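Residues per chain, in single letters:
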Amino acid sequence: MPNPSPAVNIKKTVYAMETADGQSAEITMYGDIYEQTPTDWWGDPIEGQFITLDEFMKDLEQLTGCSDVTIRMNSYGGDAGVSNTIHNRLRELSRAGAHLTCIVDGVAMSGGSLIMCACDTVKVNPSSLIMIHKCWGFLWGGYNADELREAATSYDAWDKAQVAIYKRKTGLSETVISHMMSDTTYMTGKEAVDKGFADELMEDAEPLEIAASADGRSLLVRGRSFHLAPGMFAPDNIPTVKSEGDTSVVTNKNQPAQTGSNEGGKLMAKNLEELRAENPELADALMAEAEAKAKAAVSASGAGGADPAPATGAEAVSAAVQAEQKRIQEIDALAGLYDAEAIREAKFGENACTAQELAYRMAQKAAKDGKNYLGMLEGDTQASGAQAVGSAPTGGEAPPLDSMNPEQRMTAARAEVKALFGKKEG
């Protein structure tokens, strides 16, 4: 066993490392995991809770002499390579004699679950969430079939590395783990223990409230909002809430927020039956609204022939949630084509729309911008006095501008624009 570490007290925005005696240390990891702080399209740092590789690994070196290290985890993951690197470094500490314990205070998802699985003992709350999935990434530009197959082969290799990590921790077969990753599996604390991802369920732990935003794109943990990665949504068994100060309440977005109990006004119902038990009035209001929408939909689509049987209120609510999640996911798929403001407006703005409507709006905007450009180009041509410059047309050359009528000049301007911007890859 190495010599004890000196006293350490590191306080960063998203993580902390502390040891007083050089033997027992505690690391708090409350953030997403990246190689470096992410930037936006213009290179400016993105606001968020980010644990970066170089900074974290440098600080971790100060704890190499500790024999007992506890990691308190609340992370949605991030970069697979960085998460794998931290996992391997922690395993090295374990092999050197340190006992590693991970306590999942909130969530350990994706790369966060890889780091969690490096620990010898994993403790979870009943309401902790563990999530595993296959790796994914962004592709920009044009690719042929060979290049896409090469990318898929690379992703397969990353998945195999993750399978090896989960297999060592759980003892499950590679086939079972691979299927769980393909399905993007969420596990509560008890489910994680049952499947071997965790070792101990802290039944006496203080209940941890976790809830999803209305669009399923964010989770609220201990009053703090964390955004899921693009294309990912919270599982249906997590209650949907709206954050209002320090109180999280189930809401009907067409009605004022209501509180359903005498315990701080918090509703954490996971399904319609639980909501009815906690707040019958709100449950009845949701059911009535859902049934009204279902009947309206049936009436709108039932021209000719017998009307189909209307869906029950619960079915209508479920269908509405799935439709909204699909709408958001389809819009996110266009994030690489349009600016962030247009994407946000399409998803949550006053004129929220579908992905198809967004594409139509942007096409209209592009056409308008192109028309404006042609107008400016023609104005520049007029102001330049080029019409007064004579020429000796030969063969197939165009006649001088001063001999053209306005329609002919516009056609020439369009041809110039097409020559500048109309070339395509072969």
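Residues numbered from 1 in each chain as written. Predicted model: local features only at pLDDT ≥ 70, side-chain atom pairs only at ≥ 80, totals over all residues. Heavy atoms only, no water.

Visitor: Please explain the overall build of the protein chain as it appears in this structure.
Guide: Along the protein chain, the regular secondary structure elements total 12 helices and 16 strands. Pairs at least 24 residues apart make up 58% of the contacts formed inside the protein chain by residues separated by at least 6 positions. Total accessible area on the protein chain stands at roughly 24300 Å², and carbon and sulfur atoms take up 53% of it. (Helix = DSSP H or I, 4+ residues; strand = E, 2+ residues; numbered from the N terminus. Contact = heavy atoms within 4.5 Å. Areas by Shrake-Rupley, 256 points an atom, 1.4 Å probe, with all protein chains shown as cover.)

Visitor: I'm lost on the nonpolar core in this one. Help?
Guide: Inside soluble globular proteins, nonpolar side chains tend to come together where they are buried. In this structure, I27, F56, L60, I86, L90, M116 and F197 are the most contacted members of the largest nonpolar core, which totals 48 residues. If sequence neighbours within four positions are ignored, I27 has contacts with A16, M17, F56, L60, L63, V69, T70, I71 and R72. The next biggest cluster of nonpolar side chains, apart from the first, holds 9 residues, and it includes L334, A342, A346 and C353. (Core = buried A, V, L, I, M, F, W, Y, C linked by side-chain atoms within 4.5 Å. Buried < 20%, exposed > 50% of the residue type's maximum accessible area, 1.4 Å probe, protein only.)

Visitor: How do you make sense of the packing of helix α1 (residues 53-60) against helix α2 (residues 80-95) when you look at a structure like this?
Guide: Helix-helix packing: each pair is described by the crossing angle between the helix axes and the interaxial distance. Running from amino to carboxyl end, α1 crosses α2 at an angle of 10°, the nearest separation of the two axes being 11 Å. Put simply, α1 runs roughly parallel to α2. Two secondary-structure elements touch here, α1 through L53, F56, M57 and L60 and α2 through V82, T85, I86, R89, L90 and L93. When grouped by side-chain class, the residues that make up the contact of α1 with α2 number 8 nonpolar, 1 polar and 1 charged. (Axes fitted to C-alpha atoms, helices over the stretch in contact; angles between N-to-C directions. Parallel < 35°, antiparallel > 145°, perpendicular 65-115°, else oblique. Nonpolar A, V, L, I, M, F, W, Y, C, P; charged D, E, K, R; others polar.)

Visitor: Can you walk me through the packing of aromatic side chains in this structure?
Guide: Taken as a whole and assessed by the stated rule, the structure comprises 5 aromatic pairs. Counting every residue linked through ring pairs, the aromatic cluster contains W136, F138 and W140. (Phe/Tyr/Trp six-rings, centres within 6.5 Å; stacked < 30°, edge-to-face > 60°.)

Visitor: Is there a simple way to think about a nonpolar patch on the surface in this case?
Guide: Taken together, the side chains of W136, F138 and W140 present a nonpolar region at the surface, about 370 Å² in accessible area. Within the secondary structure, W140 is located in the loop between β9 (129-132) and α4 (145-170). Since its relative accessible area comes to 49%, W140 is described here as partly exposed. (Patch = residues over 30% accessible without salt bridge, like charges linked within 9 Å, V, L, I, M, F, W, Y side chains within 5 Å. Salt bridge = Lys/Arg side-chain N within 4 Å of Asp/Glu carboxyl O.)

Visitor: Could you clarify how one ought to interpret the side chain of S110 in this entry?
Guide: With respect to the secondary-structure elements, S110 resides in the loop between β7 (99-109) and α3 (111-116). Judged by its relative accessible area of 14%, S110 falls in the buried class. Apart from residues no more than four positions distant in its own chain, S110 is found in contact with Y76, G77, M131, H133 and Y166.

Visitor: What is the right way to look at the pattern of salt bridges in this model?
Guide: Between side chains of opposite charge, pairing is possible as soon as their charged atoms come close. Summed over all chains, the structure comprises 11 salt bridges. Between R89 and E61 there is a salt bridge; the shortest N-O distance is 3.1 Å. Of this pair, R89 sits in helix α2 while E61 is found in the loop between α1 and β6 (68-75), placing the two residues 28 residues apart along the sequence. Among the salt bridges present, the one from R72 reaches D105, with a minimum N-O distance of 3.0 Å. Of this pair, R72 sits in strand β6 while D105 sits in strand β7, and the two are 33 residues apart along the sequence. For R72, a relative accessible area of 26% translates into the label partly exposed.

Visitor: Help me understand α4, please; the structure alone is not making it clear to me.
Guide: Residue pairs spaced three or four apart in an α-helix point in one direction, given the helix's 3.6 residues per turn. Between the first and last C-alpha of α4 there are 37 Å, a value that for 26 residues agrees with the 38 Å anticipated at 1.5 Å per step. The set of residues buried in α4 consists of A151, D159, Q162, V163, I165, Y166, K169 and T170. Two or three places before D146, at the opening of α4, N144 has a side-chain oxygen 3.1 Å from that residue's backbone nitrogen. G171, located one to two residues past α4, shows a positive phi value of around 80°. (Expected span 1.5 Å × (residues − 1). Polar contact = N/O pair within 3.5 Å; in protein donor to acceptor, adjacent residues only side chain to side chain.)

Visitor: What's the story with unusual backbone geometry in this structure? I'm lost.
Guide: The phi dihedral of S110 falls on the positive side, at around 50°, and the residue is not glycine. Unusually for a residue other than glycine, T184 sits at a positive phi of about 50°. Mapping T184 onto the fold places it in the loop between α5 (174-182) and β10 (185-188). Given a relative accessible area of 32%, T184 falls into the partly exposed group.

Visitor: In this structure, what is going on with α1? I would like to understand it.
Guide: For α1, the full list of buried residues reads L53, F56, M57, D59 and L60. Buried residues of α1, viewed axially, fall in a sector of 165°; they line one side. Of the exposed residues in α1, those oriented more than 90 degrees away from the buried face are D54 and K58. Contact partners of the buried residues in α1: β1 (8-11), β2 (15-19), β3 (24-30), β4 (32-34), β5 (50-52) and α2. (Arc of directions from axis to C-beta.)

Visitor: When you look at the environment of E324 in this model, what are you seeing that I'm missing?
Guide: Along the polypeptide, E324 turns up in helix α9 (residues 313-332). Classification of E324 as partly exposed rests on a relative accessible area of 25%. Between the C-alpha atom of E324 and that of D215, which follows or precedes it by 109 residues, the distance is 7.1 Å.

Visitor: Is there a simple way to think about the pairing of β9 in this case?
Guide: Across a regular strand the side chains alternate sides, sitting on one face of the sheet and then on the other. Burial of the side chains of β9 extends over both faces: L129 and M131 are buried on one face and I130 and I132 on the other. Across 3 bridges, β7 lies against β9 in parallel orientation. Within the sheet, the bridge partner assigned to M109 lies in β9 and is M131. (Pairing = 2+ DSSP bridges.)

These results come straight from atomic positions and should not be treated as a statement about function.
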